[in-house]
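These are the residues of each chain, in order.
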Amino acid sequence: MKADQPVDPLAWLDAEWADWTAQGLERRLTPRRPHGRESSLLDFSSNDYLGLSDDSRVIDAAIEATRRFGTGARASALVSGWTEEHEALAADLAAFEGVETVALAPTGYAANLGAIASVVGSGDAVYVDRLNHACLMDGVRLSGAALRVVPHNDVTRLAEILTRDEGRYRRRLIAVDGVFSMDGDLAPLPKVCALAERHGAMTLVDEAHGTGLFGRGGRGAREYWDVMERVTITVGTLSKALGTLGGFVAGERRLVRYVVQRAGPLVYSTALPPACAAAARAALAIVQAEPERRIKVFALAERLRHEARRAGWVVPESLGPIVPILVGEADATMRLAQELKTKGVVVGAIRPPTVPRGTARLRVSLSARHSIEAVDRLIETLRQAAIPKIGALQEPNQRRTT
Ligand SMILES: *Cc1c(COP(=O)(O)O)cnc(C)c1O
């Protein structure tokens with residue numbers, strides 16, 4: 001090899017990229033316009049389910065905290081990044097979640113990674129639902145524990161695998177999304193808890209899409225199913241219904257204090273900005289004081305499900321603000337999203353690898369900020385869409401499982 005002709009160290013990338021784009025998988029970053037009633041009215045792609053990210057009370061709390069503590073936390077929580085805002089939010093979250101204590105993490109992703117990797121390791125096993133959010137899977141990989149993937153919401157299969165694995169592992173953890181992020185359906189938590197109790201396994205429930213929405217008090221899927229006391233580890237995010245950024249791990253004091261010491265993503269990352277802690281605290285107060293927000297978003301979602309089905313779309317069973325509209329192929333899904341966009345309606349197009357092949361879909365997420373008129377406009381554009389509606393072929397319970 002001639003020294004004056006260095007080999008391009010990124011040469012491998014051209015073929016990889018060509019392959020990726022040929023599959024129609026390229027995604028682009030497009031800047032969103034600033035908050036404003038008009039620009040957010042027909043945006044059905046955000047996880048701001050209660051419309052709190054631009055609530056003036058939440059914004060004011062963030063500004064006030066920023067003036068007092070600055071824009072950044074300046075250090076990790078254990079060093080000096082933990083402020084009065086963090087302390088106050090942790091106390092409020094613990095009271096809300098009905099747990100002894102709560103640890104805060106920079107994101108929900110970090111909270112899941114940290115929680116899982118601190119309670120299990122090599123010689124242990126984690127049982128995950130195949131449609132769990134990617135960060136639970138990544139947490140298991142980081143931990144070094146064995147990853148046992150169970151078909152979606154298949155408790156019979158979970159029971160079989162747990163029985164077969166009896167005695168093979170040191171510790172066992174069953175980790176599920178309380179509300180599945182792409183399908184909007186719930187994990188059957190009473191059955192999951194019963195199995196965990198029978199087999200002496202820990203449970204972890206990720207409430208990312210449950211917090212603020214499900215259950216009488218908006219505490220999530222655990223409250224909806226009345227299993228608040230039976231779940232070992234609750235993980236949540238401040239970035240969806242609470243409208244800001246950050247994650248938390250909730251549970252018994254002896255558990256949380258261990259996670260705070262041991263979880264790499266909490267120990268080695270800067271604490272979340274004080275503004276986020278203050279915003280989340282204000283949002284949490286609104287969740288408790290204004291249950292009408294979650295009632296409204298559930299009603300809007302029911303209207304959309306009903307009308308989209310009447311218009312011939314395949315809309316899997318789910319509850320709450322996430323309404324998947326199955327299309328099938330990735331490029332047809334993109335074309336549909338594009339068509340809606342030209343009519344001023346923004347909806348997320350979800351493709352593999354986020355969802356299994358052949359189940360590309362629009363993921364409509366509703367918010368309490370939407371009006372009935374806005375939802376009706378979405379329904380009308382779906383009715384007029386030029387993309388052929390697929391048959392019942394791709395119902396999620398018939399999906400490929402591994
Ligand atoms: C969004 C999401 C996360 C990650 O939360 P962030 O705060 O955005 O990092 C974790 N789990 C589930 C199920 C999610 O949907």
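For clarity, every value in this text was computed on a predicted model and none was experimentally measured.

Asks: Could you clarify how one ought to interpret the site of the ligand in this entry?
Replies: In the neighbourhood of the ligand, 15 residues make up the surrounding shell, with G108, D206, H209, T237 and K240 lying closest. In this structure, Y109 approaches the ligand through a main-chain N or O atom, which is 2.9 Å from an oxygen atom. In the model, an oxygen atom of the ligand is placed 2.7 Å from a nitrogen or oxygen of the T237 side chain. Protein contacts shield 87% of the accessible area of the ligand, which totals 370 Å² for the unbound molecule. The element best represented in the shell around the ligand is helix α6 (residues 108-119), accounting for three residues. Partitioned by chemical class, the residues of the shell around the ligand number three nonpolar, nine polar and three charged.

Asks: Just checking my understanding: could you explain the pairing of strand β9 (residues 322-328) for this structure?
Replies: Taken residue by residue, a regular strand's side chains alternate between the two faces of the sheet. Counting buried positions along β9 gives seven out of seven residues, so the element sits mostly inside the fold. The two faces of β9 match: I322, P324, L326 and G328 on one face and V323, I325 and V327 on the other face are all buried. Relative to strand β11 (residues 360-365), β9 runs antiparallel, the two being bridged by six bridges. What sits directly across from P324, in β11, is R363.

Asks: Quick question: what am I supposed to make of the domain arrangement of the protein here?
Replies: For the protein, the domain assignment lists domain 1 (56-289) and domain 2 (291-398). Computed over C-alpha atoms, the centres of domain 1 and domain 2 are 27 Å apart. In this assembly, 23 residues from domain 1 lie in contact with 20 residues from domain 2. Approximately 1500 Å² of surface area, both sides summed, lies buried where domain 1 meets domain 2, with 58% of it carried by carbon and sulfur atoms. The interface formed by domain 1 and domain 2 includes one salt bridge.

Asks: How should the nonpolar core be read in this particular structure?
Replies: One recurring pattern in soluble globular proteins: nonpolar side chains tend to sit buried together. By size, the foremost hydrophobic cluster in this structure holds 74 residues, and its most contacted members are F44, L304, W313, V364, L366 and L378. Two domains each put at least three residues into this core: domain 1 (56-289) and domain 2 (291-398). In this structure L304 touches V323, V364, L366, V375, L378, I379 and L382, once residues within four positions along its chain are discounted. Grouped together as the second largest cluster of nonpolar side chains are 28 residues, A110, L113, V119 and I233 included.

Asks: Explain α6 here, please?
Replies: What sets the pattern is the α-helix's 3.6 residues per turn: residues three or four places apart point alike. Here α6 contains twelve residues, and its C-alpha end-to-end distance of 17 Å stays within 8% of the 16 Å for a straight helix at 1.5 Å per residue. Summarising burial for α6: ten of the twelve residues are buried, a large majority. All buried positions along α6 are accounted for by G108, A110, A111, N112, L113, G114, A115, I116, S118 and V119. You can read the cap of α6 off the contacts: a side-chain oxygen lies 3.3 Å from the backbone nitrogen of Y109, and it is on T107.

Rules of the game
Residues numbered from 1 in each chain as written. Predicted model: local features only at pLDDT ≥ 70, side-chain atom pairs only at ≥ 80, totals over all residues. Heavy atoms only, no water. Near = heavy atom within 4 Å. Polar contact = N/O pair within 3.5 Å; in protein donor to acceptor, adjacent residues only side chain to side chain. Areas by Shrake-Rupley, 256 points an atom, 1.4 Å probe, with all protein chains shown as cover. Helix = DSSP H or I, 4+ residues; strand = E, 2+ residues; numbered from the N terminus. Nonpolar A, V, L, I, M, F, W, Y, C, P; charged D, E, K, R; others polar. Buried < 20%, exposed > 50% of the residue type's maximum accessible area, 1.4 Å probe, protein only. Pairing = 2+ DSSP bridges. Domains from an automatic or database assignment. Contact = heavy atoms within 4.5 Å. Buried area = accessible area lost by both parts, 1.4 Å probe. Salt bridge = Lys/Arg side-chain N within 4 Å of Asp/Glu carboxyl O. Core = buried A, V, L, I, M, F, W, Y, C linked by side-chain atoms within 4.5 Å. Expected span 1.5 Å × (residues − 1).

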